[in-house]
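The residues making up each chain are set out below.
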Amino acid sequence: MIHFTKMHGLGNDFVVIDAIRQTPRLEPETIRRLADRHFGIGFDQLLLVEKPVSPNADFKYRIFNADGSEVSQCGNGARCFARFVRDQGLTDKDEVCVDTDAGQLLLKFDSDGQITVNMGIPRHHPAEVPLLADQEASSYQASANGETYAFGAVSMGNPHAVLQVDNVEAAPVAAVGRLLESHPFFPARANIGFMQIMDREHIKLRVYERGAAETLACGSGACAAAVIAIEHGLVDRHVQVQLPGGALKISWAGRGEPVLMTGPAISVFEGTIEP
Ligand SMILES: N[C@H](CCC[C@H](N)C(=O)O)C(=O)O
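Residues numbered from 1 in each chain as written. Predicted model: local features only at pLDDT ≥ 70, side-chain atom pairs only at ≥ 80, totals over all residues. Heavy atoms only, no water.

Notes on the pairing of strand β13 (residues 202-209)
Successive residues of a regular strand alternate their side chains across the two faces of the sheet. We count it as follows: Three exposure classes are used, based on accessible area relative to the maximum for each residue type with a 1.4 Å probe and protein chains only: buried under 20%, partly exposed in between, and exposed over 50%. Comment: elements are numbered from the N terminus, with helices defined as DSSP H or I runs of at least four residues and strands as E runs of at least two. Strands are labelled as partners when DSSP assigns at least two bridges between them.
The element β13 is largely enclosed, with a buried count of six among its eight residues. Relative to β13, strand β12 (residues 191-199) runs antiparallel, the two sharing seven bridges. Residue pairing in the sheet places D199 in a bridge with H202 of β13. Counting the residues in the hairpin turn of β12 and β13 gives two residues. Pairing geometry for β13 and strand β15 (residues 238-243), over three bridges, is parallel. When the bridges of β15 are listed, H202 appears paired with Q240. Bridging between β13 and strand β14 (residues 213-215) involves three bridges; their strand directions are antiparallel.

Topic: the domain arrangement of the chain
Cut-off, in case you're wondering: Domain segmentation is taken from an automatic or database assignment of domains. Contacts were defined at the residue level, with two residues in contact if any of their heavy atoms lie within 4.5 Å. Salt bridges are counted wherever a side-chain nitrogen of Lys or Arg sits within 4 Å of a carboxyl oxygen of Asp or Glu.
Split into domains, the chain comes out as domain 1 (2-111 + 264-273) and domain 2 (126-257). Here the C-alpha centre of domain 2 lies 24 Å away from the C-alpha centre of domain 1. Domain 1 puts 17 residues into the contact, and the matching count from domain 2 is 18 residues. At the junction of domain 1 and domain 2, the tally comes to one salt bridge.

Concerning the environment of A133
With respect to the helices and strands, A133 occurs in the loop between β8 (115-118) and β9 (140-144). For A133, a relative accessible area of 25% puts it in the partly exposed group. Not counting residues up to four positions away in its chain, the partners in contact with A133 are P126, Y140 and F185.

Considering the UniProt feature "site: Important for dimerization" (unreviewed entry) in the chain
For the record, the criterion: UniProt positions are given in the numbering used here, feature names are shortened, and annotations may be inferred rather than shown by experiment.
As recorded in UniProt, the feature "site: Important for dimerization" (unreviewed entry) lies at F269. Looking at where F269 falls in the secondary structure, it is placed in strand β18 (residues 266-273). A residue is classified by how much of its surface remains accessible, and F269, at 38% relative accessible area, is partly exposed. Apart from residues lying up to four places away in sequence, F269 is in contact with F4, T5, K6 and I41.

Concerning the site of the ligand
Note the threshold: The cutoff for a nearby residue is simple: one of its non-hydrogen atoms must lie within 4 Å of the molecule or strand. Two N or O atoms form a polar contact when they lie within 3.5 Å of each other; inside protein one atom must be a possible hydrogen donor and the other a possible acceptor, and for residues adjacent in sequence the pair counts only when both atoms belong to side chains. In this description, accessible areas are obtained by the Shrake-Rupley approach with a 1.4 Å probe, and a residue is regarded as covered only by the protein chains that are shown.
Around the ligand, 15 residues are found, and the nearest of them are G75, E209, R210, G219 and S220. Taking G219, its main chain carries an N or O atom lying 2.8 Å from an oxygen atom of the ligand. In this structure, an oxygen atom belonging to the ligand sits 2.6 Å away from a side-chain N or O atom of S220. Compared with its free state, where it exposes 360 Å², the ligand has 100% of that area covered by protein. Taken together, the elements giving at least two residues each to the shell around the ligand come down to α2 (75-87) and α4 (219-231).

Some remarks on the nonpolar core
As a rule of thumb, soluble globular proteins bury nonpolar side chains together. Going by this rule: Here, the term nonpolar core denotes a set of buried Ala, Val, Leu, Ile, Met, Phe, Trp, Tyr and Cys residues that are joined through side-chain atoms within 4.5 Å.
Core analysis: the largest hydrophobic core is formed by 53 residues, its most contacted members being Y61, F81, L205 and I250. Examining the composition of this core, we find that nine residues originate from one element, α4, more than from any other. Both domains that meet at this core, namely domain 1 (2-111 + 264-273) and domain 2 (126-257), each give it at least three residues. Other than its neighbours up to four places away in sequence, I250 contacts A222, C223, A226, R237, H238, V239, V241, V259, L260 and M261. Counting 22 residues, the second-largest nonpolar core is a separate cluster that includes L131, Y149, A161 and F185.

Re the confidence of the model for the chain
In plain terms, the rule: A residue's pLDDT is the confidence the predictor assigns to it, expressed on a 0 to 100 scale.
Taken residue by residue, the chain gives an average pLDDT of 97. The fraction at 70 or more is 100%. Scored as a complex, the prediction yields pTM 0.97 and ipTM 0.96.

As for the pattern of salt bridges
Once the charged atoms of two side chains with opposite charge are near each other, the side chains can pair. Per the counting criterion, the structure on display carries 19 salt bridges. One salt bridge connects E70 with R62, and the closest N-O pair in it is separated by 2.8 Å. R62 gets classed as partly exposed once you look at its relative accessible area, which sits at 25%. A salt bridge links R255 to E231; its shortest N-O distance comes to 2.7 Å. Linking R255 in the loop between β16 (246-252) and β17 (259-263) with E231 in helix α4, this pair joins segments that are 24 residues apart in sequence.

Some words on the state of the cysteines
This is how the line gets drawn: Any two cysteine sulfur atoms lying within 2.5 Å of each other are counted as a disulfide.
Under the criterion given, the structure shown has zero disulfides. Sulfur of C74: no disulfide; nearest cysteine sulfur belongs to C218 and is 7.2 Å away. Judged by relative accessible area, which is 6%, C74 ranks as buried. As a non-bridged cysteine, C80 has C74 as the owner of its nearest cysteine sulfur, 8.0 Å distant.

The following block contains the structure:
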């Protein structure tokens, strides 16, 4: 029997499992079954909390999408991970350093109960996103089903393409998101953001996530949209990103600097599974 906690960050929801004091064996098929919102628990991603691999880190955490694929970054998940290790008594630190497959993240508990994540330095080179382009560009194009789509692209430790739209509510997120998520232009697939610039301090965003379809919020997607909008001179360096599930505060001082993301993390219930 495995104990888990069901959590969410702005409605992007997770099952979080302590894999330090437990030894879960979760094959991709099991993850897919548990992710099902009718036959399983239901979640966008499953997070495993493990012992650190680096001497200076407190933990390692691994991320699995609802389709069973293991990935390297999850912004909302990082905040829920931080809340989890505190609630479970695995740490009493106010700042937690965590190893991930994309490098280390630094997580800080703010006085108001929100959590600020240093999401690392965005990567722009095509090979780092990854995407199939000969050189870096401020905007790329990909064609599908007779349409051509223009987007910015960046890695936050996971691949993101961001399209600018005039009305995010009317954006074809399901149809175009699904098309581009697994487009050959993205050899590792990609998270597809649809961004509407409201003013120099506010973005509205919807994200069709790799391996999870549209979610109510995407932390790394909010970081990617802010980076691309800042690069294009559309917003200032401190911006609020409004997603269907709520708002995140994103700050970025420019190339070579890390992106900071601040937002909530909520525990909903605890349970047990026989995987
Ligand atoms: N679907 C993403 C992982 C989860 C990202 C998202 N939930 C976040 O908050 O950043 C990927 O395959 O890269």
